[in-house]
Amino acid sequence: MNALTIAAAVAQLLVAAAFLSIPLLRHRFGAVAKAAAVTELQRQGIRPEVLEENKLRFDASGHEWWAPGSFAAVNIAAAALNLAGSPWGTTLTWIFSSIAFLANIAILQSQLGAVKSVRAAFRRKGDAELLRVDVRAFLQAAEGAFPAWTRVLQNVRHTVVFAGSALALTAAALI
């Protein structure tokens, strides 16, 4: 086993951990974020039940868990195959490190445009009550319930996914 194979596998394991970090954070602090969002909705004169009625959550359920969990699982599988010397490791590295890199661009874009995308989602729901929500204040209340280091974790996560995916792809190209 050469150093490039080990580097690819380590990078993939770091990317897997990065993908799991935010769902774990949301699992731990999602209820507190929901409570803060409910308080903000009440301040705005909007029934808090609108969250449940429209299946709006702050925890790590649904796609907030299975999508990053899937990315983590395939990165772990590719790392294991790389360490086992299987040619499938390189193939999976090409496929899933590319997808992880591109998915992380979409995640970053979504985070940077959260207010706009939530407003659009509320419009798509067609719920008149959701249309009255001051989305910026609503999101700030929910985000403020997460620990102060959350933003640092998000930035580290993006850096690890981008750099780890690029390193794994580079190693796969040179193997």
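Preceding this section is the structure that the text describes.
Now for a look at the structure at hand. Only a predicted model underlies this, so the values are computations on that prediction, with no experimental measurement involved.

### Details of the overall build of the protein chain
Right, on to step 1. Of regular secondary structure, the protein chain possesses 8 helices and 0 strands.
Right, on to step 2. Each helix (α) and strand (β) of the protein chain, taken in turn from the N terminus, gives the series α-α-α-α-α-α-α-α.
Right, on to step 3. Dimensions of the protein chain, computed from the C-alpha atoms along their principal axes, are close to 65 × 30 × 20 Å.
Right, on to step 4. Of all 175 residues assigned to the protein chain, the portion counted as buried reaches 42%.
Right, on to step 5. Taking the intrachain contacts of the protein chain between residues at least 6 apart in sequence as the baseline, contacts between residues at least 24 apart amount to 80%.
Right, on to step 6. Of the roughly 9600 Å² that the protein chain leaves accessible, carbon and sulfur atoms contribute 66%.

### Here we look at the nonpolar core
Right, on to step 1. Formed by 24 residues in total, the largest nonpolar core has its most connected members in Phe122, Val133 and Phe138.
Right, on to step 2. The element best represented in this core is helix 1 (residues 3–43), accounting for 7 residues.
Right, on to step 3. Excluding its chain neighbours within four sequence positions, the residues that come into contact with Val133 are Leu41, Gln44, Ile46, Phe122 and Phe138.
Right, on to step 4. Among the nonpolar cores identified, the runner-up in size contains 7 residues, and Ala18, Phe19, Ala100 and Val161 belong to it.

### A look at the layout of surface pockets
Right, on to step 1. The volume enclosed by the largest pocket comes to roughly 1600 Å³.
Right, on to step 2. Taken together, 45 residues line the largest pocket, and the ones lying closest to its centre are Arg26, Glu64, Ser110, Gln111 and Ala114.
Right, on to step 3. Residue assignment for the lining of the largest pocket shows that the elements contributing at least two residues are helix 1, helix 3 (63–83), helix 4 (87–112), helix 5 (114–125), helix 7 (135–144) and helix 8 (150–174).
Right, on to step 4. A breakdown of the residues in the lining of the largest pocket according to their chemical character gives 24 nonpolar, 11 polar and 10 charged.

### A closer look at the packing of helix 5 against helix 7
Right, on to step 1. Relative orientation of the contacting elements helix 5 and helix 7 amounts to 115°, with a least axis distance of 9 Å. As for the relative orientation of helix 5 and helix 7, their crossing is right-handed in sense. Contacts from Ala114, Val115, Val118, Arg119 and Phe122 in helix 5 reach Val135, Arg136, Phe138 and Leu139 in helix 7.
Right, on to step 2. Of the residues in the contact of helix 5 with helix 7, the class split is 7 nonpolar, no polar and 2 charged.

### Regarding the packing of aromatic side chains
Right, on to step 1. Under the definition given, this model contains 5 aromatic pairs.
Right, on to step 2. Ring geometry for Phe19 and Phe71: centres 4.7 Å apart, planes at 10°, overall stacked. Separated by 52 residues along the polypeptide, Phe19 in helix 1 and Phe71 in helix 3 bring together distant segments of the chain.
Right, on to step 3. Phe19 gets classed as buried once you look at its relative accessible area, which sits at 2%.
Right, on to step 4. Centre to centre, the rings of Phe122 and Phe138 are 6.1 Å apart; their planes meet at 55°, and the pair counts as tilted.

### Remarks on helix 3
Given 3.6 residues per turn, any residue in an α-helix points the same way as the ones three and four places further on.
Right, on to step 1. Helix length check: helix 3, at 21 residues, gives a terminal C-alpha distance of 30 Å against a target of 30 Å (1.5 Å per residue), a fit within 8%.
Right, on to step 2. Buried positions along helix 3 lie against helix 1 and helix 4.
Right, on to step 3. Immediately downstream of helix 3, the backbone of Gly85 shows phi near 80°, a positive value.

### Quick notes on the environment of Gly164
Right, on to step 1. Inspection of the secondary structure puts Gly164 in helix 8.
Right, on to step 2. Among the residues examined, Gly164 registers a relative accessible area of 8% and is labelled buried.
Right, on to step 3. The spatial distance from the C-alpha of Gly164 to the C-alpha of Gln109 is 19 Å, given a sequence separation of 55 residues.
Right, on to step 4. Non-local contacts of Gly164, meaning those with residues more than four positions away in its chain, are made with Ala11, Val15 and Thr159.

### Quick word on the pattern of salt bridges
Oppositely charged side chains can pair when the atoms bearing their charge come close.
Right, on to step 1. Enumeration according to the criterion identifies 7 salt bridges in this entry.
Right, on to step 2. With a closest N to O distance of 2.6 Å, Arg43 and Glu40 form a salt bridge. With Arg43 and Glu40 both in helix 1, this residue pair falls 3 residues apart, about one helical turn.
Right, on to step 3. Residue Arg43 is classed as exposed on the basis of its relative accessible area of 57%.
Right, on to step 4. We classify Glu40 as buried; its relative accessible area is 10%.
Right, on to step 5. A salt bridge links Arg47 to Glu49; its shortest N-O distance comes to 3.8 Å.
Right, on to step 6. For Arg47, a relative accessible area of 35% puts it in the partly exposed group.
Right, on to step 7. On the accessibility criterion, Glu49 (43% relative accessible area) is partly exposed.
Right, on to step 8. Each of Arg47, Glu49, Glu53 and Glu129 takes part in salt bridges that share partners, so that together they form one network.

Cut-offs and rules
- Residues numbered from 1 in each chain as written.
- Predicted model: local features only at pLDDT ≥ 70, side-chain atom pairs only at ≥ 80, totals over all residues.
- Heavy atoms only, no water.
- Helix = DSSP H or I, 4+ residues; strand = E, 2+ residues; numbered from the N terminus.
- Buried < 20%, exposed > 50% of the residue type's maximum accessible area, 1.4 Å probe, protein only.
- Contact = heavy atoms within 4.5 Å.
- Areas by Shrake-Rupley, 256 points an atom, 1.4 Å probe, with all protein chains shown as cover.
- Core = buried A, V, L, I, M, F, W, Y, C linked by side-chain atoms within 4.5 Å.
- 1 Å grid on protein atoms, 1.4 Å probe; cavity = no way out; pocket = protein on both sides within 12 Å on 5 of 7 lines; lining within 4 Å.
- Points joined across faces, edges and corners; volume = space filled by probe spheres on them.
- Nonpolar A, V, L, I, M, F, W, Y, C, P; charged D, E, K, R; others polar.
- Axes fitted to C-alpha atoms, helices over the stretch in contact; angles between N-to-C directions.
- Left-handed = near helix turned anticlockwise from the far one by under 90°.
- Phe/Tyr/Trp six-rings, centres within 6.5 Å; stacked < 30°, edge-to-face > 60°.
- Expected span 1.5 Å × (residues − 1).
- Salt bridge = Lys/Arg side-chain N within 4 Å of Asp/Glu carboxyl O.

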